[in-house]
Amino acid sequence: MNRRDFLRTSALALLTVDPRPSTERAPAYSDFAQAAADPIIDIHQHLGYSGRPDAVLLAHQRAIGATTTILLPAGRPATRPSTHDGLANGLQAQALGNEACARFVRAHRNAFRFGANEVPDLDSATREIESYLKRGAVMIAEQKFGVECDSPEMQKIYALAGAHDVPVLMHWQFTMYNFGFERFHTMLEKFPRVKFLGHAQTWWASIDRNHTDQTVLYPKGPVTPGGLTDRYLSDYPNMYGDLAAGSGLNALTRDEDFTRDFLTRHRHKLLFGSDCDDREGGGPTCLGAQIIATIRRLAANPEIERQLLHDNAKRVFRL
Ligand SMILES: [Zn+2]
Ligand SMILES: [Zn+2]
């Protein structure tokens, strides 16, 4: 019997000796047992996401079973090429910024952490980010701006991440956010101590060696191993993958035989994130719940499932 089954069986044993009517106490016990046996770290959520109220976010995270959630702030609103003249403000999702996230986390310290962020080509970018790293931010994220991935301003951010020993999470989206994915190995080599988390369409589409048309953001069908993303994960100890969002779910579900092997090969490198803006916390609108269910279904064994849903994030973010 593995640890999870043991804890579940123990929880059931508790239920059977509970003298109180099961209708009163059973849900509380099973919720508790589930959270204790299967803590989940969600490394990718947003505050104010598509206008979602805080109370709904809290209920959403409880519903998907996230015991710890990292909130990724937007940079400040700015009208300039790197924000596509303001289109990318709020991470193109109405996400709130550093101060709102830091304040929310102070009130919900038991279950939430936050990242620090800024529009990278503002003069004040590293000063702003550093001030929130000093206040406890656990990563620099979400970097989702129209800049070259090896530009001087991005390199300043990588150097700051190195100085504070925090990861950088990047949204890779062809012609929109973080340009030059095919050159990123130069940054992985130049900043070997910085942990980079890859996320979004171009990152996940590039698991496939035959992904040649970069304008296709959600490719379907069988995956040929050896894509650029697969190679970055294999070849660079500082490259990690964020399983969040529609792009992550698409990559996990398009070729399940590939996925089983991919999850095993990169079991120390992949981290669960939800990045969903729904208000349900389950069902067909909730990406996070579907990603968790897919990880549970396709992980080769319970140990790998635990690594992807919890252990890797605990280690990478020192939670
Ligand atoms: Zn994103
Ligand atoms: Zn959701």
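Residues numbered from 1 in each chain as written. Chains lettered and ligands numbered in written order. Predicted model: local features only at pLDDT ≥ 70, side-chain atom pairs only at ≥ 80, totals over all residues. Heavy atoms only, no water.

Caption draft 1: Highlighting the coordination of the zinc ion (ligand 2). Each protein donor to the zinc ion (ligand 2) is listed here as His 60 (NE2), Cys 276 (SG), Asp 278 (OD) and Cys 286 (SG); together their distances run 2.0 to 2.3 Å. Its four donor atoms give the zinc ion (ligand 2) angles of 100 to 122° at the centre, a pattern that matches the tetrahedral case. Binding-site remark: the zinc ion (ligand 2) is held by donors from one chain whose sequence spacing is H-x215-C-x1-D-x7-C. Residue Asp 278 shares its accessibility class with Cys 286, and that shared class is buried. (Donors = N, O, S within 2.8 Å, 3.2 Å for Na, K, Ca; no water. Tetrahedral: all angles 85-135°; square planar, octahedral: opposite > 155°, others 65-115°. Buried < 20%, exposed > 50% of the residue type's maximum accessible area, 1.4 Å probe, protein only.)

Caption draft 2: Broad picture of the nonpolar core. Residues Ile 140, Tyr 158, Met 170, Phe 184, Phe 196 and Met 239 are the most contacted members of the largest nonpolar core, which totals 69 residues. Counting residues in each nonpolar core, the second largest holds 14 residues, with Ile 70, Ala 141, Ala 313 and Val 316 among its members. (Core = buried A, V, L, I, M, F, W, Y, C linked by side-chain atoms within 4.5 Å.)

Caption draft 3: Region of interest: the sheet that holds strand β8 (residues 270-271). Strand order across the open sheet formed by five strands is β4-β5-β6-β7-β8, with parallel pairing between neighbours. Pairing within the sheet leaves two strands with one partner each, and these edge strands are β4 (140-143) and β8. Pairing geometry for strand β6 (residues 196-199) and strand β7 (residues 239-242), over three bridges, is parallel. Paired with Leu 197 across the strands is Tyr 240, a residue of β7. (Pairing = 2+ DSSP bridges. Helix = DSSP H or I, 4+ residues; strand = E, 2+ residues; numbered from the N terminus.)

Caption draft 4: Examining the pairing of β6 more closely. A two-sided burial pattern is seen for β6, the buried positions comprising Phe 196 and Gly 198 on one face and Leu 197 and His 199 on the other. Bridge analysis of strand β5 (residues 168-171) against β6 gives four bridges, and the strand direction is parallel. Bridging across to β6, Val 168 finds its partner in Phe 196. With helix α7 (residues 185-190) bridging β5 and the parallel β6, this β-α-β connection has right-handed handedness. (Right-handed = clockwise from strand over helix to strand, strands pointing away.)

Just geometry here; none of it tells us what the structure is for.
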